[in-house]
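Residue-level listing of the chains:
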Amino acid sequence: MWKVYNDSLKGAKYVDLTHTITPNIPVWAGFGKPSFGQAAAGTDLEGYAKKGETFTFEKHGFAASTYNLTTDQLGTQLDPPAHWAPEYAAIDELPATYAIRPLVVINIEDKVKTDAGYHLQVSDITDFEAKHGLIPEGSVVFVRSGWSKTWPDPALSTARPFPGVGLEALKFLHNERKILFHGHEPLDTDTTPNLEGEYWLMHNGYAQAEGVANLDKVPETGALVAIGYPKFGGGVGGYARYIAICPPDWPHGVTIGSIPEAPLQKFDKPLHFDEQTGMRVR
């Protein structure tokens, strides 16, 4: 595997497909907003800190944060099927083989420009395959709609209509092409009253990605996607990070060694907690 790294991965271009979680990102209206804070001592630490005292760089030499994440459905996500169907896998029960897969990006952005509520159809998939060849079995298919271009505008969480993925398209991708999972930019799969697409996915044992970003920065075929997420016991949702690994000649992304990594970049402005934004900023 070291040869694979040296021959292929080391020179590749890496593109982050993940939104940053902040207190002001769009959140589905049924959930509360997240909030960030500064961690404080939970008990008296003799000669160091009193219970309730906020840890600071100046006094204690370090800082820590608290996160009130009101739901596991925030930002860029990986939904395990247990989100809707408790008889199927929770986030900690997803197999390690989810780590890296071929990435396919189907672009419906032009159709969304004329119909804001357009949903991916089987015909979009077959048209894509006529140009690029069959979608590989076990791949991850992300649907590019352009919906996330105004992120993190909180209005996105209630904007209607929004682009989605049709049920028949989902069935085709899973039953005919046997993909691992699909992903989309909005925070829901579709706009049907009962979310029929998400219901079908979860109740048939399929995961999905939501809130995916930067799909205009990756090729439609030829890239890989690295998949990372916290392993919460019994978790029925998951904050996720997706990184596209693109060919070396791809115009977007960064290569290994082209930016500071170890040691990491030193910034001119230090982090500090900003009361107005409710988080640490530079």
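Only a predicted model underlies this, so the values are computations on that prediction, with no experimental measurement involved. (Residues numbered from 1 in each chain as written. Predicted model: local features only at pLDDT ≥ 70, side-chain atom pairs only at ≥ 80, totals over all residues. Heavy atoms only, no water.)

Things to note about the side chain of Glu129
By secondary structure assignment, the location of Glu129 is in helix 4 (residues 122–132). Residues contacting Glu129, with those up to four places away along its chain left out, are Leu134, Ile135, Phe172 and Arg177. (Helix = DSSP H or I, 4+ residues; strand = E, 2+ residues; numbered from the N terminus. Contact = heavy atoms within 4.5 Å.)

Observations concerning the packing of helix 4 against helix 5 (residues 167–176)
In the contact formed by helix 4 and helix 5, the axes pass within 8 Å of each other and the chain directions differ by 45°. Judged on the interaxial angle alone, helix 5 and helix 4 are oblique. Where helix 4 abuts helix 5, its residues Val122, Ile125, Thr126 and Glu129 lie against Glu168, Ala169, Phe172 and Leu173. Class assignment of the residues belonging to the contact of helix 4 with helix 5 gives a composition of five nonpolar, one polar and two charged. (Axes fitted to C-alpha atoms, helices over the stretch in contact; angles between N-to-C directions. Parallel < 35°, antiparallel > 145°, perpendicular 65-115°, else oblique. Nonpolar A, V, L, I, M, F, W, Y, C, P; charged D, E, K, R; others polar.)

Re the packing of aromatic side chains
Any two aromatic rings considered together are summarised by their centre-to-centre distance and by the angle between their planes. Overall, the coordinates contain ten aromatic pairs when judged by the stated rule. With a centroid separation of 5.9 Å and 25° between ring planes, the pair formed by Tyr98 and Phe181 is classed as stacked. Placement of the pair is Tyr98 in the loop between strand 4 (77–79) and strand 5 (100–107) and Phe181 in strand 9 (residues 181–184), with a sequence separation of 83 residues. For the pair formed by Tyr98 and Phe181, the shared burial category is buried. (Phe/Tyr/Trp six-rings, centres within 6.5 Å; stacked < 30°, edge-to-face > 60°. Buried < 20%, exposed > 50% of the residue type's maximum accessible area, 1.4 Å probe, protein only.)

So, the nonpolar core
With 24 residues, the main nonpolar core has Leu17, Leu78, Leu103, Phe142, Phe181 and Tyr242 as its most contacted residues. Elements represented by at least two residues in this core include exactly strand 5, strand 7 (140–144), strand 11 (223–228) and strand 12 (241–246). Once residues lying within four places of it in the same chain are set aside, the contact partners of Phe181 are Leu78, Tyr98, Ser139, Val140, Val141, Phe142, His174, Ala207, Gln208, Ala209, Ile227 and Tyr242. If you look at the next biggest cluster of nonpolar residues, it comprises 21 residues, including Ile106, Val141, Leu167 and Ile179. (Core = buried A, V, L, I, M, F, W, Y, C linked by side-chain atoms within 4.5 Å.)

Let's talk about the pairing of strand 7
Extensive coverage of strand 7 is indicated by the burial of five of its five residues. Covered by surrounding structure in strand 7 are Val140, Phe142 and Arg144 together with Val141 and Val143, the residues of both alternating faces. Summarising the sheet, strand 5 and strand 7 pair through five bridges and their orientation is parallel. In the strand pairing of strand 7, Val105 is matched with Phe142. (Pairing = 2+ DSSP bridges.)

As for the sheet that holds strand 5
Taken in spatial order, the eight strands make up an open sheet running 1-12-11-5-7-9-10-4, and their pairing is mixed. At either end of the open sheet lies a strand with only one pairing partner, and these are strand 1 (13–16) and strand 4. Across the sheet, the mean angle from the axis of one strand to that of its neighbour is 30°, orientation sign disregarded.

Any functional reading would require information beyond the geometric quantities listed.
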